[in-house]
Amino acid sequence: RLAAGRDPAAPARPGRAARPGPRARLGARLERIRQGPMVWLFTARLMLCIGVAAVCSEVLPLQRSYWVVLTVAIVLKPDFGSVFARAVQRGLGTVIGVVAGALILAAVPYGPLLLIPLGVLAALLPYGRALNYGLMSAFLTPLVVLLIDLLTRAGWRLAEIRLYDTLLGCLIVLLAGYAAWPMSWHAHLPRQLASAIGKTADYTERALTASPDSASGPGRPGGPDSRSGQGGPGAERNRYRRQAYRALSDLRAEFQRTMAEPSFVSRQATAWWPAVVALEQLMDAVTAAAVSFDGAEPQPAGQVAGLTRVLRALPAAIAPAAPGQRPPRCADLPDGPLEPVSDAVRGVCSALSGSSE
């Protein structure tokens with residue numbers, strides 16, 4: 001009733017942001033929860049292996065079939081590490097741990113004396129976890145066997161059941177989670193790095209170039225509000241920033257996975273680490289510059305174009321199709337307010353020059 005006499009053509013009250021519509025709010029939430037391709041790829045591998053383990057648990061005569069599914073979930077956990085290394089170390093550690101658990105059950109009588117090996121194994125578990133995944137499995141397996149034996153009194157047969165179920169889970173991971181995915185046999189850092197540099201160039205151009213509509217400023221009549229989520233320059237800049245950081249997240253995940261692979265794969269990754277660090281520093285510099293320039297005088301378009309031109313030329317220097325091509329020269333980058341960004345771009349060029357040698 002109070003709003004009945006309000007003129008629809010009247011401008012919005014200064015300082016109040018227009019409420020985004022349902023479609024804009026839904027798109028913003030989907031953009032936040034959407035992850036990069038690495039996350040979805042690992043999710044598909046995990047779902048496939050869990051499905052195979054569940055089928056084996058129903059078909060094979062296993063006494064504790066849940067151990068198969070649990071082994072698959074633990075070995076193929078989505079931390080982007082080496083699936084091959086974890087599966088092999090888990091299998092070898094379980095073999096050692098089963099032998100140790102069977103010997104303890106056979107040598108130590110049931111009763112309070114079992115608390116002594118339980119305490120020793122529990123104390124060694126953090127040490128094994130910090131040192132090696134296989135060593136952690138060697139300490140964890142007899143600990144689990146002893147704890148379950150306190151309730152079931154199954155004896156050394158429980159260690160044998162644990163061995164079969166764990167080895168079956170590791171075999172499922174190696175066949176369905178590693179061998180069936182040829183992309184996990186190679187290092188894809190150059191391609192991921194090129195993609196991340198391209199996304200960073202897009203964000204640099206969008207963040208440091210003032211939009212023609214931003215002159216009125218956020219919260220002013222006729223000016224878009226960056227918080228409204230309805231297509232303003234701030235919302236578009238945020239979208240490019242999320243895309244760039246998502247590409248950096250995929251790049252770091254790929255580096256972590258590659259470094260954990262066998263040496264014939266991980267050796268190729270060490271040369272790209274300085275470039276990964278330099279690119280993250282560039283993103284931080286661009287974000288800091290965009291925040292400091294917000295509401296100030298726009299930066300010259302020619303200087304921003306010079307930065308993005310160098311960035312867009314960098315992927316060609318690391319493409320597999322152009323081996324030996326040197327990164328572009330970074331001597332004529334702008335100074336003044338854009339000097340921190342220019343220094344970060346030079347750092348990326350320098351890191352790529354060292355990686356390509």
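Residues numbered from 1 in each chain as written. Predicted model: local features only at pLDDT ≥ 70, side-chain atom pairs only at ≥ 80, totals over all residues. Heavy atoms only, no water.

A. The pattern of salt bridges, seen in detail. Going through the model one piece at a time under the given rule, you end up with four salt bridges. The salt bridge involving Asp-343 is made with Arg-346; its shortest N-O contact spans 2.8 Å. Here the residue Asp-343 and the residue Arg-346 both occupy positions in helix α13 (residues 339–356), the gap between them amounting to three residues, near one helical turn. Judged by its relative accessible area of 41%, Asp-343 is partly exposed. Linked through salt bridges whose partners overlap, the residues forming this network are Asp-202, Glu-205 and Arg-312. (Salt bridge = Lys/Arg side-chain N within 4 Å of Asp/Glu carboxyl O. Helix = DSSP H or I, 4+ residues; strand = E, 2+ residues; numbered from the N terminus. Buried < 20%, exposed > 50% of the residue type's maximum accessible area, 1.4 Å probe, protein only.)

B. Just the nonpolar core, in detail. Core analysis: the largest hydrophobic core is formed by 43 residues, its most contacted members being Leu-193, Leu-282, Val-345 and Leu-352. Among the elements of the structure, α8 (189–208), α9 (233–259), α11 (273–293), α12 (301–318) and α13 are those that each provide at least two residues to this core. Of all the elements, α11 adds the most residues to this core, at eleven residues. In contact with Leu-282, other than residues within four places in its own chain, are Thr-200, Leu-311, Val-341, Ala-344, Val-345 and Val-348. (Core = buried A, V, L, I, M, F, W, Y, C linked by side-chain atoms within 4.5 Å. Contact = heavy atoms within 4.5 Å.)

C. The arrangement of the packing of aromatic side chains in detail. One pass over the structure, following the stated rule, counts three aromatic pairs. Summarising the aromatic geometry, the rings of Phe-84 and Tyr-178 are spaced 5.2 Å apart at their centres and angled 40° between planes, so their arrangement reads as tilted. Residue Phe-84 is found in helix α4 (residues 83–107), and its partner Tyr-178 is found in helix α7 (residues 157–179); the two are separated by 94 residues along the sequence. Judged by relative accessible area, which is 32%, Phe-84 ranks as partly exposed. The ring of Trp-67 carries Arg-64 above its face, with NZ or CZ at 5.6 Å from the centroid. (Phe/Tyr/Trp six-rings, centres within 6.5 Å; stacked < 30°, edge-to-face > 60°. Lys NZ or Arg CZ within 6 Å of the ring centre and 35° of its normal.)

D. Highlighting the packing of α4 against helix α6 (residues 133–152). Look at α4 against α6: their axes get within 7 Å of each other, and the N-to-C directions meet at 40°. One element, α4, and the other, α6, form an angle in the oblique class. Considering the relative orientation of α4 and α6, their crossing is right-handed. Here Arg-86, Gln-89, Arg-90, Gly-93, Thr-94, Ile-96, Gly-97, Val-98, Ala-100, Gly-101, Ile-104 and Leu-105 of α4 lie close against α6, whose contacting residues are Tyr-133, Gly-134, Ser-137, Ala-138, Leu-140, Thr-141, Pro-142, Val-145, Leu-146 and Asp-149. Tallied by class, the residues present in the contact of α4 with α6 amount to eleven nonpolar, eight polar and three charged. (Axes fitted to C-alpha atoms, helices over the stretch in contact; angles between N-to-C directions. Parallel < 35°, antiparallel > 145°, perpendicular 65-115°, else oblique. Left-handed = near helix turned anticlockwise from the far one by under 90°. Nonpolar A, V, L, I, M, F, W, Y, C, P; charged D, E, K, R; others polar.)

E. Up close: the environment of Tyr-110. Structurally, the position occupied by Tyr-110 is in the loop between α4 and α5 (115–131). If near-sequence neighbours (up to four positions away) are discounted, Tyr-110 is found in contact with Asp-149, Leu-150 and Arg-153.

F. Quick peek at the packing of α8 against α12. Between α8 and α12, the shortest axis-to-axis distance is 9 Å and the interhelical angle comes to 170°. Overall, the two elements α8 and α12 adopt an arrangement that is roughly antiparallel. Here α8 contributes Pro-190, Leu-193, Ala-194, Ile-197, Ala-201, Asp-202, Thr-204, Glu-205 and Leu-208 to the contact with α12, which in turn contributes Val-304, Leu-307, Thr-308, Leu-311, Arg-312, Leu-314, Pro-315 and Ile-318.

G. Looking closely at a nonpolar patch on the surface. The grouping of Leu-113, Ile-116, Val-120, Leu-124, Tyr-127 and Leu-131 at the surface amounts to a nonpolar patch, some 590 Å² of accessible area in total. Mapped onto the secondary structure, Leu-124 falls in helix α5. Overall, Leu-124 belongs to the partly exposed group, its relative accessible area being 33%. (Patch = residues over 30% accessible without salt bridge, like charges linked within 9 Å, V, L, I, M, F, W, Y side chains within 5 Å. Areas by Shrake-Rupley, 256 points an atom, 1.4 Å probe, with all protein chains shown as cover.)

H. Structural context of the side chain of Thr-71. One can find Thr-71 in helix α3 (residues 66–75). Beyond its immediate sequence surroundings of up to four residues, Thr-71 is in contact with Arg-90, Asp-165, Thr-166, Gly-169 and Cys-170.

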